[in-house]
Amino acid sequence: YKGACKLKKILIALAVVAAVAAAAIFFASSNEVKREFFAMDTFVSAKVKGFAAKDAAGGVSTLVRELDSKQLSRYTSGSEISRINSEAETVLSDEMRDYITELLEVGKMSGGKFDIALGAVSDLWSFNDSPRVPSTDELTEALSRSGSGKLSLSGNTLTRADGCIVDLGSAGKGIALDKVKSYLSDKKISSAVVSVGGSVLLYGKGSFNVGVRDPWGEAGRSVMTVKLGAGCVSTSGSYERCFEQGGKRYHHILDPDTGLPVENGLVSVTVISDSGLLSDALSTACFVLGAEGGAKLAAKYGCEAIFITEDKKVICTDGIKPNVTVLADGYTVVE
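Now for a look at the structure at hand. (Residues numbered from 1 in each chain as written. Predicted model: local features only at pLDDT ≥ 70, side-chain atom pairs only at ≥ 80, totals over all residues. Heavy atoms only, no water.)

## Quick notes on the overall build of the chain
Here is the rule we go by: Starting at the N terminus, helices and strands are each numbered in turn, a helix being any DSSP run of H or I of at least four residues and a strand any DSSP run of E of at least two. Each residue is assigned to one of three classes by its accessible area relative to the maximum for its type, calculated with a 1.4 Å probe on protein chains only: buried under 20%, partly exposed between the two thresholds, exposed over 50%. It only takes one pair of heavy atoms within 4.5 Å for two residues to be counted as in contact. The method behind every accessible area is Shrake-Rupley, applied with a 1.4 Å probe, and residues are considered shielded solely by the protein chains displayed.
Tallying secondary structure elements over the chain gives eight helices and 17 strands in all. Judged by the C-alpha coordinates and their principal axes, the chain covers about 100 × 50 × 35 Å. Expressed as a percentage of its 335 residues, the buried residues of the chain come to 46%. Of all intrachain contacts in the chain linking residues separated by at least 6 positions in sequence, the fraction that spans at least 24 positions is 59%. Accessible surface computed for the chain: about 16400 Å², of which carbon and sulfur atoms make up 52%.

## A word on the side chain of D280
Stated formally: Positive charges come from Lys and Arg, negative ones from Asp and Glu, while His and the chain ends are left out of the count. We define a salt bridge as a contact between a side-chain nitrogen of Lys or Arg and a carboxyl oxygen of Asp or Glu at a distance within 4 Å. Pairing of N or O atoms within 3.5 Å defines a polar contact, subject to two protein rules: one partner must be a possible hydrogen donor and the other a possible acceptor, and residues neighboring in sequence count only if both atoms are side-chain atoms.
For D280, the location among the structural elements is in helix α8 (residues 276-300). For the buried residue D280, which engages in no salt bridge, the nearest side chain bearing the opposite charge is K173, 6.0 Å off. From its side chain, D280 meets the backbone nitrogen of G174 in a polar contact 2.9 Å long. Not counting residues up to four positions away in its chain, the partners in contact with D280 are S170, A171, G172, K173, G174, S199 and S234.

## Re the sheet that holds strand β16 (residues 324-326)
Rules: Following DSSP output, two strands are said to pair if at least two bridges run between them. Simply put, an axis is a line fit to the C-alpha atoms, just over the touching stretch for a helix, and the angle between two N-to-C directions goes from 0 to 180 degrees.
With respect to topology, three strands assemble into an open sheet ordered β8-β9-β16, the strand pairing being antiparallel. Of all strands in the sheet, those with a lone pairing partner are β8 (208-213) and β16, marking the two edges. Averaged over all pairs of adjacent strands, the angle between strand axes in this sheet comes to 25°, irrespective of strand direction.

## Looking at the packing of aromatic side chains
This is how it is decided: Centre distance within 6.5 Å is the pairing criterion for rings of Phe, Tyr and Trp, where only the six-membered ring of Trp is used; planes under 30 degrees apart are then read as stacked, over 60 as edge-to-face, and the remainder as tilted.
Applying the stated criterion across every chain yields a total of six aromatic pairs. Each ring, one from W125 and one from F127, has its centre 5.8 Å from the other, and the planes form 10°; the classification is stacked. You can call W125 buried: its relative accessible area is 0%. Between F127 and F243 the ring centres are 5.7 Å apart and the planes differ by 55°, which places this aromatic pair in the tilted class. Residue F127 is located in the loop between α5 (119-125) and α6 (136-144), and its partner F243 is located in strand β11 (residues 242-245); the two are separated by 116 residues in the primary sequence. Each member of the pair, F127 as well as F243, is classed as buried. In textbook terms, an aromatic cluster arises when at least three aromatic residues are bridged by ring pairs, as seen for W125, F127, F243 and Y250.

## Some details on the nonpolar core
Under the convention used in this document: By nonpolar core is meant a set of buried Ala, Val, Leu, Ile, Met, Phe, Trp, Tyr and Cys residues that side-chain atoms within 4.5 Å join together.
The biggest cluster of nonpolar side chains holds 64 residues, and the ones touching the most others in it are V48, M96, I116 and L184. No other element matches the eleven residues that α8 contributes to this core. Membership of the second largest hydrophobic core comes to 20 residues, among which are V212, I272, V314 and I320.

## What to know about the pairing of strand β9 (residues 222-228)
Bridging between β8 and β9 involves six bridges; their strand directions are antiparallel. Looking across to β9, one finds that V212 is bridged to M224. The sheet contact formed by β9 and β16 spans three bridges and is antiparallel. Its bridge partner lying in β16, M224 is registered against V326.

## Quick notes on the sheet that holds strand β3 (residues 89-91)
Reading across the sheet, the three strands line up as β3-β5-β4 and stay open at both edges, with antiparallel pairing between neighbours. Both outer strands of the open sheet, β3 and β4 (151-154), are each paired with one neighbouring strand and no more. Strand after strand, the sheet turns through a mean of 20° between neighbouring axes, direction not considered. Relative to strand β5 (residues 157-160), β3 is paired through three bridges, and the arrangement is antiparallel. Bridging across to β5, T90 finds its partner in L158.

## Some remarks on the pattern of salt bridges
Scanning the entire structure with this criterion turns up 15 salt bridges. Linked by salt bridges that have partners in common, R74, D123 and D167 make up one network.

## As for the layout of surface pockets
Heads up, the condition is: We place a 1 Å grid over just the protein atoms. Points where a 1.4 Å probe fits but has no way out form a cavity, open points with protein on both sides within 12 Å along at least 5 of 7 lines form a pocket, and any residue with an atom within 4 Å of a point lines it. Grid points are joined across faces, edges and corners, and a volume is the space filled by probe spheres set on the points. Under the grouping applied here, Gly and all other residues not named as nonpolar or charged are polar, the nonpolar ones being Ala, Val, Leu, Ile, Met, Phe, Trp, Tyr, Cys and Pro and the charged ones Asp, Glu, Lys and Arg.
Of the volumes computed, that of the second largest pocket is approximately 270 Å³. Together, 16 residues line the second largest pocket, and S238, R249, H251, V262 and E310 are the ones closest to its centre. Counting residues per element, the ones that place at least two in the lining of the second largest pocket are β12 (248-251) and β13 (266-273). Broken down by element, the lining of the second largest pocket gets its largest block of residues, four residues, from β12. Grouping the amino acids of the lining of the second largest pocket by side-chain chemistry returns eight nonpolar, four polar and four charged.

## Thoughts on the packing of helix α4 (residues 94-109) against α8
Quick reminder of the rule: Oblique is the label for any angle not under 35 degrees, not over 145, and not in the 65 to 115 range, which are roughly parallel, roughly antiparallel and roughly perpendicular in turn.
In the contact formed by α4 and α8, the axes pass within 10 Å of each other and the chain directions differ by 10°. Overall, the two elements α4 and α8 adopt an arrangement that is roughly parallel. For the pair α4 and α8, the contacting residues are Y99, E102, L103, V106 and M109 in the first and L277, L278, A281, L282, A285, L297 and K300 in the second. Of the residues in the contact of α4 with α8, the class split is ten nonpolar, no polar and two charged.

Encoded structure:
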């Protein structure tokens, strides 16, 4: 009897230890780790939840920085894009081949209103440095060296016409989201919200409330919230990089046909997609196309879109409209 009691006490003690250990594991798995840093010329925030959240958050930081420095940055010597712009013919990595193939297709689907070969034109405006309005002659010359027609992709080999400059800035942040999503899946993370500038990854089960920035408000102020499941959300706005000269305001979203900032009454476009690359690229393409053409393009890719106009009208594609809640005064959702 005494032996049985002693055994019972031992078993109870072991059960308590196991319960405490299980509770510790549960607590650790429910912890959220936040990491903030600067990369890809923008602010990056990663909120990661799960058993390996601390390691995963650090891994996100490393991954985004390496993606930029090794592949996407035009200004980092030795990056893949840097090599593309310095060589007439470049053998691409499989990843870069896939990025460029998909982005060239977006260009075709948009009727040329999205173009990754517009670097020569955007450089004239110097939005990241000392912005200025280029002359008509400068724009004409740069446009003659620009456009996806100056690129030819055969297998993994990209041929580039002399003077043409490839720039993946209009999709790079979305590409980063796709890389992060794959990484988090491998790390068995339960949920995460990762923002790279205006592009956000929603990872995990359940729903998320995402704020869309007020184009006329301070950074961090939302004009609306959108209830979403897992996926990617990207916003392109005329407020992001802009300057005034001669009493006129100029922004960084350029029309590939003219080389000038788009003037079609829009100030912001948000696109929701399963793909980060598509959400980012389409937010730009849809902005250039305008609300009507942009909505049609988004539909071709099975994506949802939200357009904000200069007169504070909110135009939503049908699939997302029920999930939108406007917060700021003066905005009207178009029925």
